[in-house]
Amino acid sequence: MVKLRPEDFRAGTRNKHIDAFSVSPKGFIVGATNHGEVYLWKINFNTIRQRKVDGHYNWVNTFKLNKKGVAYLDFNQSGDILMCGSSDGTAALYDTSFVDKSKKQVVEFLDGERETQVFEHQNFKDMDISEETVIYKFQEKNDKVKLDCAIDSIAWSAHSRYAIVAMNIKKASDDDKNNQNEAFTKIKVYDTYSGEAIENLDKTCDLGKKMKGFLSVIKAHPFDDNILLGCYDAGINILYDI
């Protein structure tokens, strides 16, 4: 067993805990806290089972991404994009391709054949996950109505073409005499291939009516990038064709 602990960990911070984590195919592990922070480690999975080997993991850094807790984290298949969803109602895609600090050296042999050798660069302190590395940010704004938003689920499509976010929204209606909040969900989609975004998948798919209630889970099809399953708290399941 390997215990991962950030270098800036302080004993006694019992009110801080990790709510989500994700593993990159490049060997990076991220953990998200209820204080809006993301911890990053680099793991050498080739030597992690050899208990006497030193340096099988490296602590990278702590990144403050949100004011409220980060509840969802997920790398895409290549590990080049990290998707984060926060309880403050925002989600974002971060470019993490730069964290692969491998150096390639080409060695030429006498017979003219060439072989590529990869040497891993262990200086991870210069890595940064911040506003400067944001690819796209999911958010909902309305200047006329006060909105209370929360991210309830995130998902990558089968081949990581689409980043999908379920955003639950509450807004106060002026016509409601009882001053009750109107609640609904928007499914937002970002196409990492074209850079285009769909702000409301329900409207795009023309379901005929606005779905009421909250969407609790979104699940991508294992093979088809365009198929998505949405499960609502009212017991309704919908298959979407992006």
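Everything discussed here concerns the structure shown above.
Residues numbered from 1 in each chain as written. Predicted model: local features only at pLDDT ≥ 70, side-chain atom pairs only at ≥ 80, totals over all residues. Heavy atoms only, no water.

A. Main features of the side chain of Asp191. Structurally, Asp191 can be placed in strand β13 (residues 181–191). Residue classification places Asp191 among the buried positions, given a relative accessible area of 8%. Within the structure, the side chain of Asp191 is placed 2.9 Å from the backbone nitrogen of Tyr193, a separation counted as a polar contact. A distance of 3.2 Å separates a polar atom in the side chain of Asp191 from a polar atom in the side chain of Ser194. Filtering out sequence-adjacent residues up to four positions away, Asp191 remains in contact with Arg161, Tyr162 and Glu196. (Helix = DSSP H or I, 4+ residues; strand = E, 2+ residues; numbered from the N terminus. Buried < 20%, exposed > 50% of the residue type's maximum accessible area, 1.4 Å probe, protein only. Polar contact = N/O pair within 3.5 Å; in protein donor to acceptor, adjacent residues only side chain to side chain. Contact = heavy atoms within 4.5 Å.)

B. Examining the pairing of strand β15 (residues 215–220) more closely. With 5 bridges joining them, β15 and strand β16 (residues 227–232) adopt antiparallel strand pairing. Across the sheet, the residue bridging to Leu215 is Tyr232, located in β16. As consecutive antiparallel partners, β15 and β16 are separated by 6 residues. (Pairing = 2+ DSSP bridges.)

C. Focus on the pattern of salt bridges. On inspection of all chains with the given rule, the structure shows 6 salt bridges. In this structure, Arg161 and Asp191 form a salt bridge, with 2.9 Å as the shortest nitrogen-oxygen distance. Here Asp191 lies in strand β13 and Arg161 lies in the loop between β11 (147–156) and β12 (162–172), a separation of 30 residues in the sequence. Each of the salt bridges in this network shares a partner with another, and the network as a whole consists of Glu140, Lys186, Lys188 and Glu199. (Salt bridge = Lys/Arg side-chain N within 4 Å of Asp/Glu carboxyl O.)

D. Up close: the nonpolar core. Ranked by internal contacts, the top residues of the largest apolar core, which has 17 residues, are Val30, Leu40, Leu65, Leu73, Leu82, Cys84 and Ile129. Only β2 (28–33), β3 (37–43), β4 (57–64), β5 (70–75), β6 (81–86) and β7 (91–95) provide two or more residues apiece to this core. With residues near it in sequence (within four places) discarded, Leu65 still touches Gly36, Val38, Cys84, Tyr94, Ile129 and Ser130. Counting residues in each nonpolar core, the second largest holds 16 residues, with Leu93, Trp156, Ile169 and Phe184 among its members. (Core = buried A, V, L, I, M, F, W, Y, C linked by side-chain atoms within 4.5 Å.)

E. Summary view of unusual backbone geometry. Phi angles above zero are rare outside glycine, and Ser160 is one such case at about 65°. With respect to the element layout, Ser160 can be found in the loop between β11 and β12.

F. Summary view of the packing of aromatic side chains. This model, assessed by the stated rule, comprises 3 aromatic pairs. Between Tyr136 and Tyr190 the ring centres are 4.6 Å apart and the planes differ by 15°, which places this aromatic pair in the stacked class. Highlighted residues: Tyr136 in strand β10 (residues 134–138) and Tyr190 in strand β13, separated in sequence by 54 residues. Across the pair, Tyr190 and Tyr136 agree in class, each one buried. (Phe/Tyr/Trp six-rings, centres within 6.5 Å; stacked < 30°, edge-to-face > 60°.)

G. Looking closely at the side chain of Thr96. On the secondary structure map, Thr96 appears in the loop between β7 and β8 (102–108). Of note is the side chain of Thr96, whose polar atom sits 2.9 Å from the backbone oxygen of Gly79. Side-chain polar atoms of Thr96 contact the backbone nitrogen of Ile81, separated by 3.4 Å. Excluding its chain neighbours within four sequence positions, the residues that come into contact with Thr96 are Phe75, Gly79, Asp80, Ile81, Leu82 and Ile129.

H. Fine view of the sheet that holds β15. Taking strand neighbours across the sheet as the criterion, the 3 strands line up as β15-β16-β17 in an open arrangement whose pairing is antiparallel. Each edge of the open sheet is held by one strand with a lone partner, namely β15 and β17 (237–241). Between one strand axis and the next, the sheet turns by 20° as a mean value, whatever way the strands run. Bridging between β16 and β17 involves 5 bridges; their strand directions are antiparallel. The residue bridging Leu228 from the neighbouring strand is Tyr240, located in β17. (Axes fitted to C-alpha atoms, helices over the stretch in contact; angles between N-to-C directions.)

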